[in-house]
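# Examining the three-dimensional arrangement
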Amino acid sequence: MEYSDWIESDKSDRVWLADEMIALAQFAYVNPIKRVMHWDNKNKRRTGCYGEKYEKCYSCDRGVQKIYDYTYGLFTKDGDKSIRYLSTTSTTHKNIQRSFTGLFEENVNPCSILWEIRRGKVKTLTGREVNGYDCSPMIDITDDGINAMDKIFVEEADRPSPFPEDANYVVPRMVADGLLDHDGKPIDLIALFLVMKDRFPKYEDRELKQFAIRLINNGSLDLRRAVEK
């Protein structure tokens, strides 16, 4: 099958697909960046919500509808380590996370395979059709095991660090670096605490528990939370 190239913004790292376009991608992280937005139905456009960051939000005061945006980091080209960002709706996000959960149950890391992503109609939990992205893992599950259908774009050892060079750490850098092998993988609070207790014995249990609470996101380890946004 011949796949489309991702449409890239000339002003940012964002990418998207037009209706019925199909492209390949590799997820850089299992957890998206969640943002509250406003949908201006009259002008058919989205605007940011400042209610959580500031005391005043003009759109909130006007009663403009709130929506949630979930932005996923992707590798979109073979050998290109640059992370591109795909904005998705709540429905697409929920469908992606259900797929991730199913893969984790099969002991497959969603970030270690390619995905076929199509722009078009997707179904909500109630069966209603809305515009979004349909994401299918490029693997073949048989009685003999799980086989990847194509080579991934960026190997795990070559993936860029999730930490910006000028980051302000809320979890010690030594701890964050020491957990890179678990980044993006499913883990619960107790399991993460025990891993850190074994690897970083100089820290008190109270501190390790705080680190664990900070770093767990949606049932997996998200090291991006080790630094301030």
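Note: the structure precedes this text.
This write-up is about the structure you can find in this document. Nothing here was measured: the structure is a model prediction, and the numbers come from that model. (Residues numbered from 1 in each chain as written. Predicted model: local features only at pLDDT ≥ 70, side-chain atom pairs only at ≥ 80, totals over all residues. Heavy atoms only, no water.)

Our focus in this paragraph is the pattern of salt bridges. All told, the structure shown has 13 salt bridges when counted by the stated rule. The shortest N-O distance in the salt bridge between K56 and D61 comes to 2.8 Å. In terms of burial, K56 and D61 fall into one category: exposed. (Salt bridge = Lys/Arg side-chain N within 4 Å of Asp/Glu carboxyl O. Buried < 20%, exposed > 50% of the residue type's maximum accessible area, 1.4 Å probe, protein only.)

When the terminal C-alpha atoms of helix α2 (residues 90-105) are compared, their 23 Å separation across 16 residues agrees well with the 22 Å that a helix rising 1.5 Å per residue should span. Within α2 the residues assigned to the buried category are T91, T92, H93, N95, I96, Q97, F100 and L103. Structurally, α2 contributes buried residues whose contacts are with β3 (22-27), β6 (65-75), β7 (84-88), β8 (115-123), β9 (129-137) and β10 (139-142). Taken from the residues just after α2, N107 is the one with a positive phi, measuring 65°. (Helix = DSSP H or I, 4+ residues; strand = E, 2+ residues; numbered from the N terminus. Expected span 1.5 Å × (residues − 1). Contact = heavy atoms within 4.5 Å.)

Within the largest apolar cluster, 23 residues are counted, with the highest numbers of intra-cluster contacts made by W6, L17, F27, L74, F100, W115 and I117. Broken down by secondary-structure element, the contributors of at least two residues to this core are β3, β6, α2, β8 and β9. Beyond its immediate sequence surroundings of up to four residues, I117 is in contact with W6, L17, M21, I22, A23, A25, Y133, D134 and C135. Core analysis: the second largest hydrophobic core is formed by 21 residues, V195, F200, A212 and V227 among them. (Core = buried A, V, L, I, M, F, W, Y, C linked by side-chain atoms within 4.5 Å.)

Position of H38 among the secondary structure elements: in strand β4 (residues 33-40). For H38, a relative accessible area of 0% puts it in the buried group. Distance in space between the C-alpha atoms of H38 and Q65 is 5.5 Å, their sequence separation being 27 residues. Beyond its immediate sequence surroundings of up to four residues, H38 is in contact with R45, R46, T47, G48, C49, C57, S59, C60, V64, Q65, K66 and I67.

One pass over the structure, following the stated rule, counts six aromatic pairs. Arranged with centres 5.1 Å apart and planes meeting at 90°, the rings of F27 and F100 form a pair that is edge-to-face. Of the two residues, F27 sits in strand β3 while F100 sits in helix α2, which places them 73 residues apart along the sequence. Both residues of the pair, F27 and F100, belong to the buried class. With a centroid separation of 5.5 Å and 70° between ring planes, the pair formed by F100 and W115 is classed as edge-to-face. Highlighted residues: F100 in helix α2 and W115 in strand β8, separated in sequence by 15 residues. The two residues F100 and W115 agree in class, both being buried. Counting every residue linked through ring pairs, the aromatic cluster contains F27, Y72, F100 and W115. Taking NZ or CZ as reference, R119 lies 5.0 Å from the ring centre of Y133, over its face. (Phe/Tyr/Trp six-rings, centres within 6.5 Å; stacked < 30°, edge-to-face > 60°. Lys NZ or Arg CZ within 6 Å of the ring centre and 35° of its normal.)

As a further point, take the pairing of β3. Taken across its six residues, β3 has six buried, putting it largely inside the fold. Burial of the side chains of β3 extends over both faces: I22, L24 and Q26 are buried on one face and A23, A25 and F27 on the other. Bridging between β3 and β8 involves four bridges; their strand directions are antiparallel. Directly across from A25, in β8, lies its bridge partner W115. In this sheet, β6 lies alongside β3 in antiparallel orientation, the contact comprising two bridges. (Pairing = 2+ DSSP bridges.)

A few words on the packing of helix α4 (residues 189-199) against helix α5 (residues 205-215). Between α4 and α5, the shortest axis-to-axis distance is 9 Å and the interhelical angle comes to 130°. Overall, the two elements α4 and α5 adopt an arrangement that is oblique. The two elements α4 and α5 cross, and the hand of that crossing is right-handed. Only D205, L208, K209, F211, A212, I213 and L215 of α5 make contact with α4, whose side of the interface consists of L189, L192, F193, M196 and K197. Across the contact of α4 with α5, the residue classes tally to nine nonpolar, no polar and three charged. (Axes fitted to C-alpha atoms, helices over the stretch in contact; angles between N-to-C directions. Parallel < 35°, antiparallel > 145°, perpendicular 65-115°, else oblique. Left-handed = near helix turned anticlockwise from the far one by under 90°. Nonpolar A, V, L, I, M, F, W, Y, C, P; charged D, E, K, R; others polar.)

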